[in-house]
Amino acid sequence: MLTLIAKLLKALNSDDNPSQIALAVVFAAFIGITPLASPHNIIILLIALVIRIHLPMFFLSVGLFTLIAYLLDPISHLIGLQMLQAEALQGLWHTLYNSSFWRFMAFNNSVVLGSFTLSVLLSPLLFFSARSLIVNYREHVMTWAQKSRIAIWIKGSKLFLAYAAMES
Amino acid sequence: MPQWRARGNALKQWIRWWGFGVFLFIVLFWWLCIDFIVKTTIETVGTQAVGAKVELAGASVTLLPTSLTLKQLRITNPDAPMQNIVEVGNISASIDSLELFGRRLVINEMDLSGLQFNTPRKSSGATSDRSTAGSDESIFDLGGVIPGMSLPDVDSLIEKEKQAFLKEYEDISNNLQAVETGWQQRIDGLPDDAQIEEYNQRWKKAKKGNILQKASAIKSLKKDIDKDLGDIKSLKKQLAEDTKTVKSELNRANNLPATQTQRILSDVGLGSAEGDFTSAILGDQLKPLLQRSLNYLKQMSGAAPQQPEEPVYARGKGTWVTFKEDNPVPELLIKSARLDGVFSIAKQDIHFTGQAQDLSNQPALWHKPAGFQLKGQSADDARLVAQGVLDHRETVNKDSLDVSLESFPLVDYAISEKADLQIMINKASSDFSAKLNLEGEVILADIKSGFSNLELQVNSDNPSSSTSVISDALSTLNAFDMTLKVTGTLNNPAMSLSSDLDNILGKALKSKLNEQAAALKDELTAAISQQMSPELEKLTQQGDFIGQLDRQLGNKQDALKQLTKAM
């Protein structure tokens, strides 16, 4: 866990693409908010592994979103149920229900559909806000922190130099 | 840098090719664990559903063709945790992969081999969250059917029945008293000696008057006397009727010892020898068997047709909303299953083979009812044929079952384990057939069994004359039939058990009972007559008043007639 956090801090402080880190948060939201055993998560996991997103941020965020999912569960259920019972969508659901693929995807489960919809709705917001936070962090907080006395003192310490040598 | 190389670098910046490898590794790892996952899932879900341990020695899943093989499936009987309700050696099923993709388990063909029922377990299969209390509903009332098992003491019987005798005595006495009191009042209403004297005085006085006065007085006097004579005449008619009543009551009193004797004999079971002996003798053995069968039927009929249900929300699981299907298929469907296994009946094994079709958890979604056919044979050539249809597609379930077991040899099989009467079939050949129809809750079952080449052994912990009679009768018995009919509903069944045993035992008991009853009857009658003679004497005296009444009425009538004659 500490290694994961260290890697995360390193990523935040590195030149890694902020979009890749933000995308990791988005994919983590899908896996964390929707029920873990849902079939669509296999596809999300494949994408998360193949697309060069920041994996430590991804795994850390999955844990965080899993905790949030417990609180969001009743809301996800309500959204899903409303959608599944919406008169205007009955034709669509009927078609999907008669398709083996969509039944396998468990679209007719209120929590699966609701949480997936919630994830889709949240994903642009999560992506742009995470990206903006990283950019702003690097521009302001990281620059300020690097120039601070304590950072200069830490960087000058033998322990840090040994760590840096080991890292390199 | 060439454009294609720049594009390649951009792709490399976004694609992590080794990610495919990691994903494939995860999938491969999952696939390698699938057998374990299936085994654990079946055990966990099965245990939750049954309420007792469900165990599996192994599971194997193949992808092409999609099939599932389960080895050594053991399902504990939740009501008897040291017993498996069913044990299957091997289950192999070919699964419709397309339907599986649509979250439906459709098994085109299934082989269940090594089926066994009620096998013993080495360790308890109880789960901590379930009590194993069995159902103990009484379905047979067998009390008071077997005749008295021993001859009782006469004095104690009379002592016990004295109250009943005294009640009878009081009843007769009260009836006589009521008649006597009524007559007392009527007699008081008739002219007494003073009145007759007054009539005489009036006659004497009239004789002294002139002719007109005389005629008037005679007319008035005659009118009064005629009225009294009329009253006496009607009272005489009444008296004739009351005399009959009194005679009948006195007869009743005289017969009291005899009737009381008969009543006592009946009470102790020596009155007659007609009864439902089969129920009384075999009921204890049949009761648990029938109870278990009814419980199975209840469970079977409990699989009611699927009705549309309101979605229920469970946290983390959500609700599954269903929609109309163009080609509805149940969530679980076994189109065809081949069965083979062993039924253990009365310590003997019957190896059977058979088929079951169209078994489903949502029968209303399938166009055919579930059914099965079984054929079996034992080492001793007993033959079993069973077939059934379980039609749960409509609102009211319609189930039918037809079972026959022919030439089944019974050896050392206890049919009664009562303390008073233990009956063991040492050897017999039995035939058994059962037809059962269940429509909703309404049950109609006709179960017939016949036993031939019979050798019975009868014992008793408390031997009595009756048990020895039954023992004698049964020891010469070579064959008997038995029919059990069940009607009513599953929750309130009415059962009747009949057998030619009733007749056979009835006859045997009757002759013995007659012999015993005759001796006891004489003894009882003499004893009652002796002990109750003062009361009976009183009743006879009480009845004497009726003769005196007749004389009284006659005297008054004679006196009045003489007076009229004189006039």
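Just so it is clear, the model here is predicted, and its values are computed rather than measured. (Residues numbered from 1 in each chain as written. Chains lettered and ligands numbered in written order. Predicted model: local features only at pLDDT ≥ 70, side-chain atom pairs only at ≥ 80, totals over all residues. Heavy atoms only, no water.)

*Asks:* Even after reading the chapter, I still don't get the overall build of chain B, so can you show me in this structure?
*Replies:* Within chain B one finds eleven helices and 13 strands. Of the contacts made within chain B by residues no fewer than 6 positions apart, 67% connect residues no fewer than 24 positions apart. For chain B, the exposed surface amounts to about 32200 Å²; the carbon and sulfur share of it is 54%. (Helix = DSSP H or I, 4+ residues; strand = E, 2+ residues; numbered from the N terminus. Contact = heavy atoms within 4.5 Å. Areas by Shrake-Rupley, 256 points an atom, 1.4 Å probe, with all protein chains shown as cover.)

*Asks:* Any chance you could explain the overall build of chain A here in plain terms?
*Replies:* The secondary structure content of chain A amounts to nine helices and zero strands. Scanning chain A from its N terminus toward the C terminus, one meets helices and strands in the order α-α-α-α-α-α-α-α-α. Buried residues in chain A amount to 44% of all 168 residues. Relative to all contacts within chain A whose residues are 6 or more apart in sequence, the contacts with residues 24 or more apart total 76%. Approximately 9400 Å² of chain A is accessible, and the part contributed by carbon and sulfur atoms is 74%. (Buried < 20%, exposed > 50% of the residue type's maximum accessible area, 1.4 Å probe, protein only.)

*Asks:* Sorry, what's going on with the packing of aromatic side chains here?
*Replies:* Aromatic ring pairs are defined here through the distance separating the ring centres and the angle between the ring planes. A complete count under the given rule lists 13 aromatic pairs over all chains for this structure. Ring geometry for B:Phe451 versus B:Phe480: centroids 4.8 Å apart, planes at 25 degrees, classification stacked. Of this pair, B:Phe451 sits in strand β11 (residues 442-459) while B:Phe480 sits in strand β12 (residues 480-488), and the two are 29 residues apart along the sequence. The two residues B:Phe451 and B:Phe480 agree in class, both being buried. The rings of A:Trp93, A:Tyr97, A:Phe107 and B:Phe323 are connected pair by pair, giving a single aromatic cluster. Of note, B:Arg186 hangs over the ring of B:Trp183, and the distance from its end group to the ring centre comes to 4.7 Å. (Phe/Tyr/Trp six-rings, centres within 6.5 Å; stacked < 30°, edge-to-face > 60°. Lys NZ or Arg CZ within 6 Å of the ring centre and 35° of its normal.)

*Asks:* Help me understand the environment of A:Asn41, please; the structure alone is not making it clear to me.
*Replies:* Residues and elements named next belong to chain A. By the element assignment, Asn41 lies in helix α3 (residues 40-50). Residue Asn41 is classed as buried on the basis of its relative accessible area of 6%. For the pair Asn41 and Phe27, spaced 14 residues apart in sequence, the C-alpha to C-alpha distance is 9.4 Å. Look past the residues within four positions of Asn41 in its chain and what remains in contact with it is Phe30, Ile31, Thr34, Pro35 and Leu36. In this structure the side chain of Asn41 is engaged in a polar contact, spanning 3.2 Å, whose partner is the backbone oxygen of Leu36. (Polar contact = N/O pair within 3.5 Å; in protein donor to acceptor, adjacent residues only side chain to side chain.)

*Asks:* Just to check I follow, could you spell out the packing of helix α2 (residues 18-33) of chain A against helix α7 (residues 110-147) of chain A for this structure?
*Replies:* If you want to describe how two helices pack, look at the angle between their axes and the distance between the axes. Residues and elements named next belong to chain A. Closest axis-to-axis distance for the α2/α7 pair is 8 Å, and the angle between their directions is 150 degrees. For the element pair α2 / α7, the angle class is roughly antiparallel. Relative to α7, α2 is oriented so that their crossing is right-handed. In terms of residue class, the contact of α2 with α7 is made up of 17 nonpolar, four polar and two charged. (Axes fitted to C-alpha atoms, helices over the stretch in contact; angles between N-to-C directions. Parallel < 35°, antiparallel > 145°, perpendicular 65-115°, else oblique. Left-handed = near helix turned anticlockwise from the far one by under 90°. Nonpolar A, V, L, I, M, F, W, Y, C, P; charged D, E, K, R; others polar.)

*Asks:* How should I be thinking about the interface of chain B and chain A in this particular structure?
*Replies:* Put simply, an interface is often sized by how much accessible area is lost when its parts join up. Each side of the interface is counted separately: chain B has 31 residues, and chain A has 38 residues. Both faces combined, the contact of chain B with chain A buries some 3200 Å², and carbon together with sulfur accounts for 58% of it. One can count one salt bridge joining chain B with chain A. Its salt-bridge partner being A:Arg103, residue B:Glu325 comes within 2.9 Å of it at the nearest N-O pair. Counting the contacts that link chain B with chain A gives 18 residue pairs in polar contact (both at pLDDT 80 or more). For the side of chain B that touches chain A, the secondary structure elements donating two or more residues are α1 (3-14), α2 (18-50) and α3 (97-101) of chain B. Ranked by residues supplied to the side of chain B that touches chain A, first place goes to α2(B) with six residues. Its residues assigned to classes, the side of chain B that touches chain A shows 14 nonpolar, eight polar and nine charged. (Buried area = accessible area lost by both parts, 1.4 Å probe. Salt bridge = Lys/Arg side-chain N within 4 Å of Asp/Glu carboxyl O.)

*Asks:* Explain the pattern of salt bridges to me, please; I cannot follow it from the model alone.
*Replies:* Oppositely charged side chains can pair when the atoms bearing their charge come close. The tally for this structure, following the rule as stated, stands at 22 salt bridges over all chains. In this structure, B:Asp242 and B:Arg186 form a salt bridge, with 3.8 Å as the shortest nitrogen-oxygen distance. Of this pair, B:Asp242 sits in helix α6 (residues 211-267) while B:Arg186 sits in helix α4 (residues 154-189), placing them 56 residues apart in sequence. Given the relative accessible area of 11%, B:Asp242 is considered buried. Notably, a salt bridge pairs B:Asp226 with B:Lys222, separated by 3.6 Å at the nearest N-O pair. Of the two residues, B:Asp226 and B:Lys222 both sit in helix α6, four residues apart, roughly one turn of that helix. Since its relative accessible area comes to 37%, B:Asp226 is described here as partly exposed. What emerges from the salt-bridge pattern is a single network uniting A:Arg103, B:Glu99, B:Arg104 and B:Glu325.

*Asks:* What's the story with unusual backbone geometry in this structure? I'm lost.
*Replies:* Residues apart from glycine generally show negative phi values, whereas peptide bonds are mostly found in trans. Residues and elements named next belong to chain B. At the junction of Leu64 and Pro65, the peptide bond is cis and its omega measures out at -10 degrees in the coordinates. Position of Pro65 relative to the elements: it lies in the loop between β1 (54-62) and β2 (67-77). With a phi close to 55 degrees, Asp358 is a non-glycine residue in the positive phi region. Note on placement: Asp358 falls in strand β6 (residues 348-360). Its relative accessible area of 9% is what places Asp358 among the buried residues. Phi is positive for Asp381, close to 75 degrees, though the residue is something other than glycine.

*Asks:* Before we go on, may I ask you to explain a nonpolar patch on the surface in this structure?
*Replies:* All names here are of chain B. Taken together, Trp30, Trp31, Phe36, Ile37, Leu63 and Leu64 make up a surface patch of nonpolar side chains, about 690 Å² in accessible area. Its location among the elements puts Leu64 in the loop between β1 and β2. On the basis of relative accessible area, Leu64 is assigned to the exposed category, the value being 80%. (Patch = residues over 30% accessible without salt bridge, like charges linked within 9 Å, V, L, I, M, F, W, Y side chains within 5 Å.)

*Asks:* What's the story with helix α5 (residues 90-97) of chain A in this structure? I'm lost.
*Replies:* Residue pairs three or four apart in sequence face the same way in an α-helix, which turns once every 3.6 residues. All names here are of chain A. Buried within α5 are the following residues: Trp93, Leu96 and Tyr97. On an axial view of α5, the arc spanned by its buried residues comes to 100 degrees, and they lie on one face. Those residues of α5 that are buried lie in contact with α4 (55-85), α6 (100-104) and α7. (Arc of directions from axis to C-beta.)

*Asks:* It is not clear to me how the confidence of the model for chain A should be interpreted in this structure. Could you clarify?
*Replies:* Low pLDDT marks stretches whose predicted atomic positions should not be read closely. Scored by pLDDT, chain A comes out at a mean of 86, with 93% of its residues at no less than 70. Within chain A, helix α9 (residues 158-167) of chain A has the poorest average pLDDT of any element, 68, and α5(A) the best, 94. (pLDDT = per-residue confidence, 0-100.)

*Asks:* I keep staring at the side chain of A:Ser110 and nothing clicks. Help me out?
*Replies:* Of note, A:Ser110 is situated in helix α7. Of note is the side chain of A:Ser110, whose polar atom sits 2.7 Å from the side chain of A:His77. When sequence neighbours within four positions are dropped, the list of residues in contact with A:Ser110 reads A:Ser76, A:His77, A:Gly80, A:Leu81, A:Leu84, B:Gly318 and B:Thr319.

*Asks:* So what exactly am I meant to see when it comes to a positive patch on the surface here?
*Replies:* Residue and element names in this part refer to chain B. Among the surface-exposed residues, Lys233, Lys236, Lys237, Lys561 and Lys565 lie close enough to one another that they form a single positively charged patch. Listed by contribution, the elements that provide at least two residues to the positive patch are α6 and α11 (545-566). By residue number, the principal contributor to the positive patch is α6, which donates three residues. Position of Lys236 among the secondary structure elements: in helix α6. What makes Lys236 partly exposed here is its relative accessible area of 30%. (Lys, Arg positive; Asp, Glu negative; His and termini not counted. Charge placed at Lys NZ, Arg CZ, Asp CG, Glu CD.)

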